[in-house]
Amino acid sequence: MRLHRLELSAFGPYAGEVSLDLDTLAADGLFLLHGHTGAGKTSLLDAIAFALFGRVPGARNEAKRLRCDRAEPTARTWVRLEATLGGRRVELTRSPSYERPKSRGVGVTVEKGRQLLRWIDPPATGPSPGTPGRAEGLTRAEEVGATVVDLLGMSAEQFFQVVLLPQGDFARFLRADTADREDLLERLFDTGRFGCIEQWFYAARRDSGSLLRERQSVVSRLAARVAEAAGMEPADFEQSAMELQSPEAWLEPVRLRVADATADAGAAEKAARRLARSAEAELARIHELDGRIRRLRQLKARQFVLDAGAGERAAWRSAVVAHGASLPLCTAADRAAELGGRRRRERAAADRARTAAEALVNADLEVPKAAGEVRLLSAVLREQAGGLAELVGEELRQRRDEKVLRMVVADGRRGASELEQLDGALRDLPGLHETAGTRLACARSAAERSASSAAQAAIALDVLSAARAVPNLQKLADRAVAKASKAVSDHQRAVDLRQQLVERRITGMAAELAGGLVHGAACPVCGGCTHPAPALPTVAAVTRGEIAEELGDVVLAADARQRTDSAREGARIAVIEAGQRSAGLPAAQALAQWSAADRKADADAALAADLPAADAAFALLADQGTRLRGRRTQLLSELAGWSAQQEALVEANHHRGVRLDDARGSFVDISARRLHLLASCAALDRLAAGVEAVDVIEVELAAADTAVVDALAGSPFDDLASARSAAEVDAAGLIRSLRAADDELAAVAGQLADPELTGLDPDAAPNVARAEESAALSRRVSEESMSVASIAWARRHQVEAAAERLTAAWQELQPILAADAQLAALTDVVLGKGQNVKGMSLRTYVLAAKLAQVGLSAGVRLSEMSAGRYTFVPAADGAGAPNKGGRPSGLGLDILDAHSGVARPAKTLSGGESFLASLALALGLADVVAAEAGGRLLDTIFIDEGFGTLDADSLDLVMSTLDDLRAGGRVVGLVSHVDEMRQRIPSRLHIRQSAAGPVLEMTGVGTTGV
């Protein structure tokens, strides 16, 4: 990770915009941020943290107060950081969420947070692996956060602990107890997966135990079921079954006992069934005899009742004959009574119709009595109503013209008002036209200058980029020269070493050949088969493989020499080209020139952008004048037309209204008078119809009275009342009763002649109760024996089924028992129990290994900074010793004092010693976390405060360690207000307080201010 540039606005104590060139500040690899307490040093580190992760370290993130309280209401709060992360150069811009005053009205509104990650060097084929999103940039918070973590290879917590060490926090890990150190190590090294493994084993053991208990419960229930089905007590049988390897030995006696009981119950059930069948047959014979005797008694009794009712049936026949003779007389009397009722109803209807007609007809007219005269009066009134039909249309036209007259008057008033407004607008038009012309002229002039201004700004920006790049390119060129020189030396050294190896091998060649001689075989040099004095190998003998290996080193060195030569030449050309592009201007002067050109280009572009709107506004005013004058002419014409129309309508409505008033009379309108006449006609028509109906019924009623007198004279009755009494008899019912009695007499006689009843004594009484009691007793005995047999058979089937399920459940339980025992032992080991001799859980073991790596790396640095006196060693409790919570720790670190040879807790160190130990531990953490992040080098580290606790010698050792870091290519930023630090570090950024807020001044880097 390398930071290049930091910009911020309205952030922390900084009310305005601030820009900081970190490349320039960190050119020496070591720089100092200093100033009074509260000046804003830590806020710059907060800005870096917020740009990367959207949050700041420590408790300041919980306060959610990142916006400057003294910032202008219209100023936006944002942070922009340009950095190289994971080999990719990116620009990160973030804005926090904060409240600001509303632009309209009163109150505040919430400005939502935003973020943007822009690729400064996007690859040609899209994003690199592990960087999701588009090459042009990312705007979603989740994508930006994931990309930053992927490029850095560490989370925010890791970054704050090993890169951005907040004020007072980087000693926390040193003095932390076991629990706090465990939590911090988990966040730094992401050992959550090992905790998940522990949880998985714990859950698996719990599930296995639950399954085992469930299966054992099933076996217990099945054992109890066998005992219950066999009619035994379950406790003894269940306990015995659990103690055996198989329950079969206990099941066999139970099966035999249940089978014997079933056979005995079956034999008893067969004997009881035979006795029950015999008793049922005797009971059926007694019931059949008793039924025939009761039937004979019922027939004799019914025959006696029928013989006693002969006189009553004779009276029924006489009543039926009288009923038939009364029907003609009653029918004629009913017809006369019906006509009398109709006459009364028609007379009442005629009287109501006359009353209604007299109420509608005018008082000077009298309603006649006769029907013909009534119809004549109705015709006269209907003719008068027809004459009014034409005037109804005239009255409708009168109302419509009055409505039109009111509309014309209203239109005239609106037209006069609009005419007054048009005259006012025409008076204001010349001034507006002059203002629009001035605006259009300014926009056209700016449009002519905008292209030139933009070109000048682009040239100034190119000069500024080149001026800023010259120092960095020069440094790269110097480094390339040094690397090229070193590559030449390395290549020459490799060539010399290979030549030495070749010479040594030539010297030892005789011994090499002698090593391959075989007794009796010919020498490859002289051909002799005897070898009296073979040469002996020396210690410095060289093999062919060593020479080949060194030849590879020579080739690699030559390749490295060629690459460094090319890099040196490329860097030299880049410096020359950048100097030519910058025209020799320093970065500050080039920045001033570009700022002025950019402001002028923006101003001209803004005015030029207004040209279409100004042109459209000028044309719109010209068109508006034409439209206003045309509308005024049209409105004058419309006003004249409305005035003429109003006069014509007034005269026409007056003449028509006189005629309509005469025809209306005392009614509301002509339609009401016409409807009244029509209603009177309808009432007279109803009256005429009623009078005619009464006359017709009078004639019909006289004829009906004559028919009643004639019918009475020809009937056997003395008067009408006798006839009606005979007619009220239910003749049909009497006829049905007579027919039923005759049929029943015939049926009783036929049944008494049945052969089954011949010879029976009606007074005999069979003993049915005793037969039923004997049959019931036999039936009860049979049912009880059947129930006993059924229960025995069911018990036998239940015992067999339960025994099979018990045997199957027992067999399924055995592998579960073995698996649970194995899983329990393994879980105890993972959780630090049982056979785990270290007493450490898997997660604690991994953390202890990581802490050992940290302690090893930190111990080397602490030894250097303490002049060999202090180093880190594991705590005295060691692995397996429980902490206060009862869990094994293995996460303790002590300090070994070389002067006393005794290890002691870190809390016993003095303030300066604690700072040295904390710094060494922080650097060790950085090394291990970087290795965990895939070997990514952490090029930059910030240390906030703590140097005031060191004496001069300790400070020298710390500065020496920091110089080693700088020599290794890392950048170290120190935050301190100690005066001696300003003496030792030339590259400094002074944060100075002022009434307007913090002011940044850069010294020792060739720049006087930022």
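A quick note: this is a predicted structure, and the numbers were derived from the prediction, not measured.

**Student:** Looking at this structure, how should I read the overall build of the protein chain?
**Tutor:** Counting its regular elements, the protein chain contains 24 helices and 16 strands. Among the 1010 residues that make up the protein chain, the fraction classed as buried is 36%. Look at the contacts in the protein chain between residues 6 or more apart in sequence, and 75% of them connect residues 24 or more apart. Carbon and sulfur atoms form 56% of the exposed surface of the protein chain, whose accessible area is close to 56300 Å².

**Student:** Before we go on, may I ask you to explain the side chain of R67 in this structure?
**Tutor:** Along the polypeptide, R67 turns up in the loop between α3 (60-63) and β4 (78-85). Within the structure, the side chain of R67 is placed 3.0 Å from the backbone oxygen of E72, a separation counted as a polar contact. Among the polar contacts made by the side chain of R67, one reaches the main-chain carbonyl oxygen of A75 at a distance of 3.0 Å. If we ignore the near neighbours within four places in the chain, the residues touching R67 are A10, G12, E72, P73, A75, R76, T77, Y98 and E99.

**Student:** How should unusual backbone geometry be read in this particular structure?
**Tutor:** The phi torsion of most residues other than glycine is negative, and most of the peptide bonds are trans. In the Ramachandran plot, A10 falls in the positive-phi region, its phi being about 55 degrees despite a non-glycine side chain. Here A10 is to be found in strand β1 (residues 2-11). Look at A10 and you get buried, because its relative accessible area is 0%.

**Student:** Help me understand helix α20 (residues 768-830) in this model?
**Tutor:** In an α-helix, one turn spans 3.6 residues, which is why side chains three or four residues apart end up on the same side. For α20, spanning 63 residues, the distance from its first C-alpha to its last is 89 Å, which sits close to the expected 93 Å at 1.5 Å a residue. One or two steps after α20, the chain reaches G832, where phi turns positive at roughly 85 degrees.

**Student:** So what exactly am I meant to see when it comes to the sheet that holds strand β12 (residues 902-905) here?
**Tutor:** The strands making up a sheet are joined through hydrogen bonds of the backbone, oriented either antiparallel or parallel. With antiparallel pairing, the 3 strands of this open sheet are ordered in space as β10-β11-β12. With one partner strand each, in any of the chains shown, β10 (870-874) and β12 form the two edges of the open sheet. Across the sheet, the axes of successive neighbouring strands diverge by a mean angle of 40 degrees, strand direction being ignored. Judged from the 4 bridges that link them, strand β11 (residues 893-897) and β12 form a sheet pairing that is antiparallel. Within β12, the position partnered with I895 by the bridge is R904.

**Student:** Looking at this model, I keep getting lost on helix α14 (residues 544-582). Mind explaining?
**Tutor:** Taking 1.5 Å of rise per residue, 39 residues should cover 57 Å, and α14 covers 57 Å from first to last C-alpha, within 8% of that figure. Turning to α14, its buried residues number three or more, namely I547, E550, V554, A557, T564, A571, V575, A578 and S582. Buried residues belonging to α14 abut α12 (371-507). Following α14 by one or two positions, A583 has its phi on the positive side, about 60 degrees.

**Student:** Looking at this model, I keep getting lost on the pattern of salt bridges. Mind explaining?
**Tutor:** Between side chains of opposite charge, a pair can form when the charged atoms approach closely. The final tally for this structure, using the stated rule, is 23 salt bridges. Put simply, D623 and R627 hold a salt bridge, and the shortest N to O gap is 3.1 Å. With a gap of 4 residues between them, D623 and R627 both fall in helix α16 (residues 611-664), about one helical turn apart. Overall, the relative accessible area of 46% leaves R627 in the partly exposed class. One connected set of salt bridges, linked through shared partners, spans R5, E7 and R80.

**Student:** Got a minute to help me understand the packing of helix α11 (residues 310-360) against helix α19 (residues 731-752) in this structure?
**Tutor:** Think of two packed helices as two axes; the pair is described by the angle between the axes and how far apart they sit. One can describe the packing of α11 onto α19 by two numbers: an axis separation of 9 Å at closest approach and a directional angle of 145 degrees. Here α11 and α19 pass one another in a crossing that is left-handed. Within the contact between the two elements, α11 uses R313, W316, R317, A319, V320 and H323 and α19 uses A731, L734, I735, S737, L738, A741, D742 and L745. Per-class residue counts for the contact of α11 with α19 are 9 nonpolar, 2 polar and 3 charged.

**Student:** Even after reading the chapter, I still don't get the pairing of β4, so can you show me in this structure?
**Tutor:** Burial within β4 is extensive, with 6 of its 8 residues counted as buried. Here β1 runs beside β4; their pairing, made up of 7 bridges, is antiparallel. Each residue of the ladder has a partner; that of S9, found in β4, is W78. Where β4 meets strand β5 (residues 88-95), 7 bridges bridge the pair, whose relative direction is antiparallel. The partner of E82 across the bridge, within β5, is E91. Counted between consecutive antiparallel strands, the loop separating β4 from β5 contains 2 residues, among which G86 sits at a positive phi close to 60 degrees.

**Student:** I tried to follow the sheet that holds strand β2 (residues 14-21) on my own but got confused; where do I start?
**Tutor:** Ordered by their spatial adjacency, 5 strands build an open sheet running β2-β1-β4-β5-β8, and the pairing between neighbours is antiparallel. Here the strands that pair on one side only, and so sit at the sheet edges, are β2 and β8 (114-119). Along the sheet, successive strands turn relative to each other by an average axial angle of 10 degrees, direction set aside. Here β1 pairs with β2 via 6 bridges, running antiparallel. Paired with E7 across the two strands is S19, which belongs to β2.

**Student:** Hey, could you run me through the packing of aromatic side chains in this one?
**Tutor:** To describe a pair of aromatic rings, one takes the distance between the centres and the angle between the planes. Enumeration according to the criterion identifies 3 aromatic pairs in this entry. Residues F11 and F50 carry aromatic rings whose centres are separated by 5.9 Å and whose planes lie at 40 degrees to one another, so their mutual orientation is tilted. Residue F11 is located in strand β1, and its partner F50 is located in helix α2 (residues 41-53); the two are separated by 39 residues in the primary sequence. Residue classification places F50 among the buried residues on the basis of a relative accessible area of 4%. Taking the centre distance of 6.0 Å and the plane angle of 75 degrees together, the rings of F31 and F942 count as edge-to-face. A residue pair is termed long-range when its members are at least 10 positions apart, and F31 in strand β3 (residues 30-34) and F942 in strand β13 (residues 940-944) qualify at 911 residues. With a relative accessible area of 4%, F942 lands in the buried category.

**Student:** Explain the packing of helix α8 (residues 192-229) against α20 to me, please; I cannot follow it from the model alone.
**Tutor:** Between α8 and α20, the least distance of the axes is 8 Å, while the angle of their chain directions is 160 degrees. Looking at the two axes, α8 sits roughly antiparallel to α20. Remark: the crossing between α8 and α20 carries left-handed chirality.

**Student:** Honestly, the environment of D610 in this entry has me stumped. Any pointers?
**Tutor:** One can find D610 in the loop between α15 (587-609) and α16. Residues D610 and A447 lie 163 residues apart in sequence; the distance between their C-alpha atoms is 9.1 Å. Apart from the residues lying within four places of it in its own chain, the contact partners of D610 are R439 and A443.

**Student:** Help me understand the environment of H797 in this model?
**Tutor:** One can find H797 in helix α20. Between the C-alpha atom of H797 and that of A229, which follows or precedes it by 568 residues, the distance is 8.9 Å.

What counts as what
- Residues numbered from 1 in each chain as written.
- Predicted model: local features only at pLDDT ≥ 70, side-chain atom pairs only at ≥ 80, totals over all residues.
- Heavy atoms only, no water.
- Helix = DSSP H or I, 4+ residues; strand = E, 2+ residues; numbered from the N terminus.
- Buried < 20%, exposed > 50% of the residue type's maximum accessible area, 1.4 Å probe, protein only.
- Contact = heavy atoms within 4.5 Å.
- Areas by Shrake-Rupley, 256 points an atom, 1.4 Å probe, with all protein chains shown as cover.
- Polar contact = N/O pair within 3.5 Å; in protein donor to acceptor, adjacent residues only side chain to side chain.
- Expected span 1.5 Å × (residues − 1).
- Pairing = 2+ DSSP bridges.
- Axes fitted to C-alpha atoms, helices over the stretch in contact; angles between N-to-C directions.
- Salt bridge = Lys/Arg side-chain N within 4 Å of Asp/Glu carboxyl O.
- Left-handed = near helix turned anticlockwise from the far one by under 90°.
- Nonpolar A, V, L, I, M, F, W, Y, C, P; charged D, E, K, R; others polar.
- Phe/Tyr/Trp six-rings, centres within 6.5 Å; stacked < 30°, edge-to-face > 60°.
- Parallel < 35°, antiparallel > 145°, perpendicular 65-115°, else oblique.

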